[in-house]
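Here's the letter readout for the chains.
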Amino acid sequence: MKIIPLADRVVIKTVEAEETTKSGIILTGSAKEKPQVAEVLAVGPGGLVDGKTVEMLVKVGDKVLTSKYSGTEVKVDGEECTIVRQSDILAVVED
C-alpha cells in the first residue's frame, strides 16, 4: 500500500535513535529520547490551505527535524510512519 498525502501534508519515518552515547554507555529502550530526525517518504502537492497558497519546500529523501509530538502516527505494511503538516517541520538536516 502507498500513502499519497494531500495538501501540505508530508509522510515521514523517524530515524532510529542512537544505541550508545558518545562516551560508550549503552542505552536501554526507556532511556532513549524520542528521535526528532526523520526521513521524508512522500510529499503532498501543496496548493491552497486555509486560504493561503502553500509551496512545498521539502522533497522525498530529505532528512528533517520535526516537533517532538507533532503529526498522526500510522502503520502501513508493518512500518510506522507519521503524517505531519509542512509547518510542523522545523528544518532540513544536511550531512
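Calculation rules
Residues numbered from 1 in each chain as written. Predicted model: local features only at pLDDT ≥ 70, side-chain atom pairs only at ≥ 80, totals over all residues. Heavy atoms only, no water. Helix = DSSP H or I, 4+ residues; strand = E, 2+ residues; numbered from the N terminus. Buried < 20%, exposed > 50% of the residue type's maximum accessible area, 1.4 Å probe, protein only. Contact = heavy atoms within 4.5 Å. Areas by Shrake-Rupley, 256 points an atom, 1.4 Å probe, with all protein chains shown as cover. Polar contact = N/O pair within 3.5 Å; in protein donor to acceptor, adjacent residues only side chain to side chain. Pairing = 2+ DSSP bridges. Axes fitted to C-alpha atoms, helices over the stretch in contact; angles between N-to-C directions. pLDDT = per-residue confidence, 0-100. Core = buried A, V, L, I, M, F, W, Y, C linked by side-chain atoms within 4.5 Å.

1. Thoughts on the overall build of the protein
In terms of helices and strands, the protein carries 0 helices and 8 strands. Starting at the N terminus and ending at the C terminus, the protein contains elements arranged as β-β-β-β-β-β-β-β. Counting the 95 residues in the protein, one finds 25% classified as buried. Counting only contacts in the protein whose residues sit at least 6 apart along the sequence, the fraction spanning at least 24 positions is 65%. If you sum the accessible surface of the protein, you get close to 6,800 Å²; carbon and sulfur atoms cover 53% of it.

2. Re the side chain of D8
Relative to the helices and strands, D8 resides in the segment before β1 (9-14). Taking the relative accessible area as the measure of exposure, D8 reaches 5% and is therefore buried. A polar contact of 3.4 Å, which involves the side chain of D8, links it to the side chain of R9. Excluding anything up to four places from it in sequence, D8 contacts V49, V54, M56, V84, R85 and Q86.

3. Side note on the sheet that holds strand β2 (residues 37-43)
Strand order in this open sheet of 6 strands is β6-β7-β1-β2-β5-β8, and the pairing throughout is antiparallel. Looking at which strands have only one partner, the edges of the open sheet turn out to be β6 (72-76) and β8 (89-93). Pairs of neighbouring strands in the sheet enclose a mean axial angle of 45°, with direction left out of account. Across 5 bridges, β6 lies against strand β7 (residues 79-85) in antiparallel orientation. Across the sheet, residue K75 finds its bridge partner in β7, namely E80.

4. Observations regarding the confidence of the model for the protein
Looking at the protein, pLDDT values average 86 and 82% of them are 70 or higher. Across the protein, the element-wise mean pLDDT spans from 88 in strand β3 (residues 47-49) up to 96 in β2.

5. Quick notes on the nonpolar core
In terms of nonpolar packing, the biggest core is built from 11 residues, these being V10, I12, A38, V40, V49, V54, M56, V58, V64, V84 and I89. Those elements that place two or more of their residues in this core are β1 and β2. With near-sequence residues (within four places) excluded, V58 lies in contact with V10, V43, V64, Q86, I89 and V92.

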